[in-house]
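Working through the structure, step by step
The primary structure of each chain is shown beneath.
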Amino acid sequence: MTVETEKLTDEQWLRYSRHLLLPQFDQSHQLKLQHTTVFVYGAGGLGSPLLMYLAARGVKNFIINVFDTVEISNLQRQIIHNQQSIGLNKAQSAKQTIENLNSDINVTCVEQKLDETQLTHFVKDCDLVLVGTDNFESRYLINKVCTQTKVAQISAAALGFEGQLFVMDPNTQSSPCYQCLYPDANEEITCSQAGVLSPVVGVLGTMQALSAIKFLTKIGDSQIGKLQLFDALSGQWRIINVKKRENCVTCSK
Ligand SMILES: [Zn+2]
C-alpha cells in the first residue's frame, strides 16, 4: 500500500490526534512518518528522548546501533533505560521501552561496532541518520557514509552545561558535512570525564527529535548547516552558519 492510497485507522487518528489538530500536519504527514526509517547511533542521554519522541510521534522503522550495556551511572540521564535494564545491551533496552510506547513500530537492534561496508548497508536505505555519541572516530565514519550514500544526518552533543545540534543534508548543494565543522578533531572529552547535567542532554535529544520530525515532514526551517549552541547556565541559544569547506576531505569534489 502506498502513502497515496493508505488511510489512518481510527486508533491512529485517536493516538496522533494532538498532532493532527495542528494546521501544519495532516494525514499525509502522519502516513509519511509511517513509511520512514531512521538509523540511530547511540541510545544514551541524547538517544533517550530522541527515540521516545520519534516512536511516540509515529516514526515507523528504527535501526538502533549501540554496542555497550546499561550501567548504573547511565541512569542519571539515560531515561529510556531503567534499573531492570542494567547489564542489557542499550539497543535492546531502548527497544523494550519504545515498543511499550508504540506497538506499531519496528525496531532492529545492531549490537556490534560496524565497519564502513556494514554501516553503508544499513544507512543507504534510511531517510535520516541521527547521531548522539562522544566518539569522533564513529562520527567521522558515519559522516563519510552519509556523504557517500546521500543520507541526511542530524548530530547532537552535550557536555557539562552545554550542548550543540547540527543538521546536514548531502542532497543540499551548500550543506556542510560534519568534517567541514570539525576538520581534524581527535581529542574526545566525554561525559564520564567531564560530567553533564542530565536535563541538558534531555534538551538536546529533544531538539534532535524536533529537527528530525521537521526534516522528515518538510515543515518549517530544517536549519541545514546551522550550528545551534545551547548554554544552560545563561539559558541562551546561539546559531552559527557553517560553510562547506572547499578542501573538506569528506564532501569536497
Ligand atoms: Zn565536508
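Because the structure is predicted, anything quoted here is derived from the model rather than measured. (Residues numbered from 1 in each chain as written. Predicted model: local features only at pLDDT ≥ 70, side-chain atom pairs only at ≥ 80, totals over all residues.)

Let's talk about the environment of glutamine 78
Along the chain, glutamine 78 falls in the loop between β2 (61–65) and α5 (90–101). You can call glutamine 78 buried: it has 26 C-beta atoms within 10 Å. When the C-alpha atoms of glutamine 78 and serine 93 are compared, they prove to be 11 Å apart, with 15 residues separating the residues in sequence. When neighbours within four sequence positions are excluded, glutamine 78 is seen to be in contact with Gly44, Gly45 and Ser48. (Helix = DSSP H or I, 4+ residues; strand = E, 2+ residues; numbered from the N terminus. Buried ≥ 20, exposed ≤ 12 C-beta atoms within 10 Å, placed from the backbone. Contact = placed C-beta atoms within 7 Å.)

Some words on the sheet that holds β2
Read from one edge to the other, the open sheet built from eight strands follows the order β3-β2-β1-β4-β5-β6-β7-β8, with strand pairing classed as mixed. Both edges of this open sheet fall to β3 (106–110) and β8 (236–241), since each of them pairs with a single strand only. Neighbour-to-neighbour, the strand axes of this sheet turn through a mean angle of 15 degrees, independent of strand direction. Pairing between strand β1 (residues 37–41) and strand β4 (residues 128–131): four bridges, direction parallel. The partner of tyrosine 41 across the bridge, within β4, is valine 131. (Pairing = 2+ DSSP bridges. Axes fitted to C-alpha atoms, helices over the stretch in contact; angles between N-to-C directions.)

Some points on the environment of alanine 43
Relative to the helices and strands, alanine 43 is located in the loop between β1 and α4 (47–57). Alanine 43 sits in the buried class, given 31 other C-beta atoms within 10 Å. When the C-alpha atoms of alanine 43 and alanine 91 are compared, they prove to be 6.4 Å apart, with 48 residues separating the residues in sequence. If we ignore the near neighbours within four places in the chain, the residues touching alanine 43 are Leu51, Ile64, Val66, Ile80, Lys90, Ala91 and Ala94.

Points about α5
Taking 1.5 Å of rise per residue, 12 residues should cover 16 Å, and α5 covers 17 Å from first to last C-alpha, within 8% of that figure. The elements touched by buried residues of α5 are α4, β2 and β3. (Expected span 1.5 Å × (residues − 1).)

By themselves, these observations are geometric and do not establish any function.
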